Amino acid sequence: MTSLSWLFRMAWRDSRRSRPRLLLFMSSIVLGIAALVAINSFGDNLARTIDEQAQELLGADLVLSSGRQPSPKTQTLLDTIGPERSMEVAFPSMIFFPKSGNVRLAQVKAVEGGFPYYGVWEAEPAAAVNRFRQSGEQVALVDDALLVQFGAQPGDSVKVGTLTFVVAGRVLRTPGQTAVTTTVAPTVFIPAKYLKQTGLLQMGSRAQYRYYYKFPAGTDVDKLVAANETRLDKAGLNVDTVSDRKRQTGRAFADLTRFLNLVAFVALLLGCVGVASSVHLYVKEKMASVAVLRCLGASGRQAFLIYLIQTSLMGLLGAVLGTALGTAVQFALPEVFSGFLPVEVSVAISWKAVAQGILTGLVVAVLFALLPLLMVRKISPLRTLRTDYQEDVSSRDPLRWLVYTLIAAFVTGFAWWQTRDWKLALGFTVGLGITFAVLTVFGLLLMWLVRRFFPVSWSYVWRQSLANLYRPQNQTLILVISIGLGTFLIATLYLVQSLLLGRVQLSGSGQQPNMVLFDIQNEQKAGVQQLVRENKLPILQSVPIVTMRLAEINGRSVEELQADTSAKIPDWALTREYRVTYRDSLIVSEKMAEGGAPRQEAGTIYISLEDAYLKRIKGKLGDTLTFNVQGALVPTVVGGTRQIDWNRVQTNFLVVFPNGVLEQAPQFHVLMTRVGSTEQSAAFQRQLVQQYPNVSAIDLGLILRTIDEILDKISFVIRFMALFSIITGLLVLGSSVVISKYQRVQESVLLRTIGASRRQILLITAIEYLLLGLLAALTGIGLSLAGSWALAHYVFESPFNPTYGPLALVVLVVTTLTVVIGLFNSRDVLVRPPLEVLRAEA
């Protein structure tokens with residue numbers, strides 16, 4: 001039996017002259033492991049912080065919420081739940097700054113009580129919160145982002161509805177709030193006792209009623225909720241406890257870290273391509289040494305183990321260095337993710353992430369090194385006599401298929417570990433395999449085309465550069481894969497972001513509405529329409545809306561269906577408040593799926609439902625649905641279904657009644673118009689908020705800008721991770737060039753011996769890397785265009801109209817970096833004197 005110590009001694013001795021190349025092999029996996037460890041460490045720290053600060057995230061021990069004003073019976077239940085309670089009514093409304101004349105749709109929160117009970121309500125000045133709670137003055141607290149936007153200061157006035165409040169202070173942070181939240185919906189806090197006087201809550205106004213409770217220490221809140229579960233459900237109250245918030249927040253950010261881990265894993269796999277390439281070139285250089293070992297009596301298995309030990313130790317060292325780098329990088333991640341985090345993450349070393357990083361690095365290094373190392377087992381001693389002998393390594397090796405299977409199993413297993421979904425894991429592996437396969441096929445096709453259609457009439461420099469694309473030890477395949485994949489990630493990120501923005505921006509094109517007015521009461525309808533006309537704006541759509549709830553489906557009550565688990569109807573469909581309209585025809589965003597339009601026939605009311613909604617509630621044409629319309633039961637029959645284009649700015653509805661049924665029901669109206677400029681929009685909104693303070697306006701231009709800001713923040717996070725892939729690709733490029741530079745030195749010296757100048761050799765090298773970088777980048781761009789088109793067509797169902805300017809910039813940057821790194825690492829080629837070849841030193 002072979003002595004293990006002898007194998008290690010041989011591995012150490014053999015590595016003496018090759019350690020720089022082995023270090024390059026090791027460097028290929030450092031960044032991938034660094035990205036994995038950084039994300040895993042950050043995820044562990046975030047989970048720990050959420051666990052520690054979950055009470056502060058909620059701000060209370062228990063939160064009960066409802067989308068409707070509590071009835072006297074519900075109010076009695078709320079009073080009996082706990083002794084210490086705060087109340088909040090939240091709803092969207094227009095707010096007006098008299099000093100500047102600016103108007104903005106904001107989230108108004110009417111607050112009463114001592115909330116938050118945990119955590120800090122940060123405001124400036126610090127005394128503003130106590131003044132808001134205790135003074136009884138008509139004061140408001142306003143989000144800092146909103147004051148900054150309009151150049152307002154504490155002490156200025158803000159008009160909310162019919163009342164004008166003094167801004168007591170700027171709100172910097174509230175428990176559980178993130179920077180993204182304040183960007184989307186900046187908040188104005190007012191004392192609850194002034195809510196009724198604002199005149200903002202009218203029939204149909206959408207408001208959220210929240211009740212915050214604090215219990216004595218040691219109270220089992222989950223047990224208390226379980227004891228009152230039936231009563232809370234009947235009252236339509238949603239429950240949120242500290243343990244619920246911990247699970248929800250932890251799950252949301254666990255999903256984010258898992259996604260980013262997959263991006264980091266792509267960088268690691270990219271490095272593994274460099275590992276396989278580096279070891280392949282290394283083994284080819286070591287064939288003579290292995291043949292000598294075989295002549296001295298070493299078996300193929302012993303030779304294989306010697307080089308496996310070398311690569312395993314280098315892989316372990318690379319994993320350790322990557323882990324150390326990732327542990328350092330994680331200290332910067334809280335700042336990168338700061339806009340999305342509801343907590344301040346305390347960073348510490350995660351030994352679990354460290355262990356996972358080292359183990360993962362070692363496994364992938366060994367797995368991908370095995371492919372070329374298997375060749376060592378078959379090297380014949382005959383090579384010491386015949387250097388051109390190839391029959392020993394040219395035959396098929398069934399163990400290669402075992403290694404391929406292990407690699408596929410590892411990638412699938414890692415993806416499942418991150419997603420906990422076998423379908424997603426298999427999809428990730430298959431998608432990655434297809435990407436690698438396409439890049440590989442393109443690289444091989446490129447080499448075949450250049451060899452097959454070699455331009456013999458071109459100049460010497462160009463012919464030599466093109467020949468380098470398919471010569472022995474060429475780098476075409478490895479660079480097309482590594483640089484192409486990195487380019488693919490960056491370009492796909494940009495295209496998907498543009499696709500999401502373009503999908504929304506369709507609403508702002510042509511003559512589609514770009515402003516929506518809602519909560520218009522019946523008695524205000526004529527006046528609001530007149531105001532729209534006075535501002536020379538078109539009335540593109542005016543729609544009545546009636547609120548109602550489901551009472552029965554096919555004669556079975558909602559309560560009965562909720563209790564019947566076999567019914568499989570989503571709970572949200574049974575308990576939600578429906579906002580419906582009435583008309584007898586389709587609008588431009590709809591097309592008929594089955595049945596007919598809403599109608600009345602022989603006293604029967606036939607309604608139309610969205611086809612996807614009908615499937616979700618397990619219904620079919622002819623089913624009977626009974627609605628509770630403000631206390632009156634209205635039986636209906638499903639007479640047809642519609643397909644709805646939700647991307648269009650239209651008042652789309654899940655349920656549509658026919659005319660002649662709901663005209664006398666309590667209702668409000670939505671009006672859609674189109675403004676021509678930001679100035680016209682601001683002037684109109686100022687008049688609207690002064691004459692009809694309860695009517696709110698959604699400026700879609702502002703929404704587009706807000707979405708753009710959010711997507712910019714999200715894309716920055718993903719670009720930060722994709723950067724690891726690009727840098728890894730460039731490292732693979734650098735290591736490939738350096739490893740093969742010994743072959744380049746020989747070629748260069750031979751060329752110079754037969755008369756080539758340094759300038760010609762420099763041009764040959766530059767043109768080769770220019771072609772490699774350009775072709776690899778173009779391949780990545782082509783893949784990203786195909787993938788983004790598929791996403792647009794099959795997932796987002798949107799037209800795909802990419803902007804090619806930024807893509808061209810990506811190609812230029814990637815190509816330039818490839819040329820610069822290629823020339824830098826090939827600089828030794830240009831300075832070796834021709835005399836070396838005569839002395840056989842090259």
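Attention in this report is confined to the structure presented alongside it. (Residues numbered from 1 in each chain as written. Predicted model: local features only at pLDDT ≥ 70, side-chain atom pairs only at ≥ 80, totals over all residues. Heavy atoms only, no water.)

### Some remarks on the packing of aromatic side chains
Overall, the coordinates contain 14 aromatic pairs when judged by the stated rule. Between phenylalanine 165 and tyrosine 194, the aromatic rings sit 6.0 Å apart at their centres with planes inclined by 80°, giving edge-to-face as the arrangement. Of this pair, phenylalanine 165 sits in strand 7 (residues 163-173) while tyrosine 194 sits in the loop between strand 8 (187-191) and helix 7 (195-198), placing them 29 residues apart in sequence. Residue classification places phenylalanine 165 among the buried residues on the basis of a relative accessible area of 0%. Between tryptophan 416 and tryptophan 422, the aromatic rings sit 5.3 Å apart at their centres with planes inclined by 20°, giving stacked as the arrangement. The class for tryptophan 416 is partly exposed, based on a relative accessible area of 29%. The exposed category is assigned to tryptophan 422, whose relative accessible area is 51%. Ring pairs connect the aromatic residues Tyr578, Tyr613, Phe627 and Phe657, which therefore count as one cluster. Looking at arginine 452, its charged tip hangs above the ring of phenylalanine 453, at a distance of 5.0 Å from the centre. Positioned above the aromatic ring of tyrosine 578 is the side chain of arginine 576, whose terminal nitrogen or guanidinium carbon lies 5.0 Å from the ring centre. (Phe/Tyr/Trp six-rings, centres within 6.5 Å; stacked < 30°, edge-to-face > 60°. Helix = DSSP H or I, 4+ residues; strand = E, 2+ residues; numbered from the N terminus. Buried < 20%, exposed > 50% of the residue type's maximum accessible area, 1.4 Å probe, protein only. Lys NZ or Arg CZ within 6 Å of the ring centre and 35° of its normal.)

### Here's the deal with the packing of helix 1 (residues 4-14) against helix 12 (residues 300-329)
Packing of helix 1 against helix 12 leaves a shortest axis separation of 9 Å and a crossing angle of 65°. The orientation of helix 1 relative to helix 12 falls into the category roughly perpendicular. As for how helix 1 packs across helix 12, the hand of that crossing is right-handed. Here Trp6, Leu7, Phe8, Met10, Ala11 and Asp14 of helix 1 come into contact with helix 12, specifically with Gln302, Leu305, Ile306, Tyr307, Ile309, Gln310 and Leu313. Of the residues assigned to the contact of helix 1 with helix 12, the class counts are ten nonpolar, two polar and one charged. (Axes fitted to C-alpha atoms, helices over the stretch in contact; angles between N-to-C directions. Parallel < 35°, antiparallel > 145°, perpendicular 65-115°, else oblique. Left-handed = near helix turned anticlockwise from the far one by under 90°. Contact = heavy atoms within 4.5 Å. Nonpolar A, V, L, I, M, F, W, Y, C, P; charged D, E, K, R; others polar.)

### Considerations on the pattern of salt bridges
By the definition in use, this model includes 13 salt bridges. One salt bridge in this structure joins glutamate 124 and arginine 170, with 3.8 Å as the shortest N-O distance. On the criterion of sequence distance, the pair formed by glutamate 124 in strand 4 (residues 122-124) and arginine 170 in strand 7 is long-range, its members being 46 residues apart. Under the relative-accessibility criterion, arginine 170 is labelled buried at 9%. For the salt bridge of arginine 616 with glutamate 610, the shortest nitrogen-to-oxygen distance reads 3.7 Å. Its relative accessible area of 7% is what places glutamate 610 among the buried residues. A cluster of three or more residues bridged by salt bridges with shared partners is formed by Glu124, Asp144 and Arg170. (Salt bridge = Lys/Arg side-chain N within 4 Å of Asp/Glu carboxyl O.)

Remember, this is a structural readout, not a statement about activity or role.
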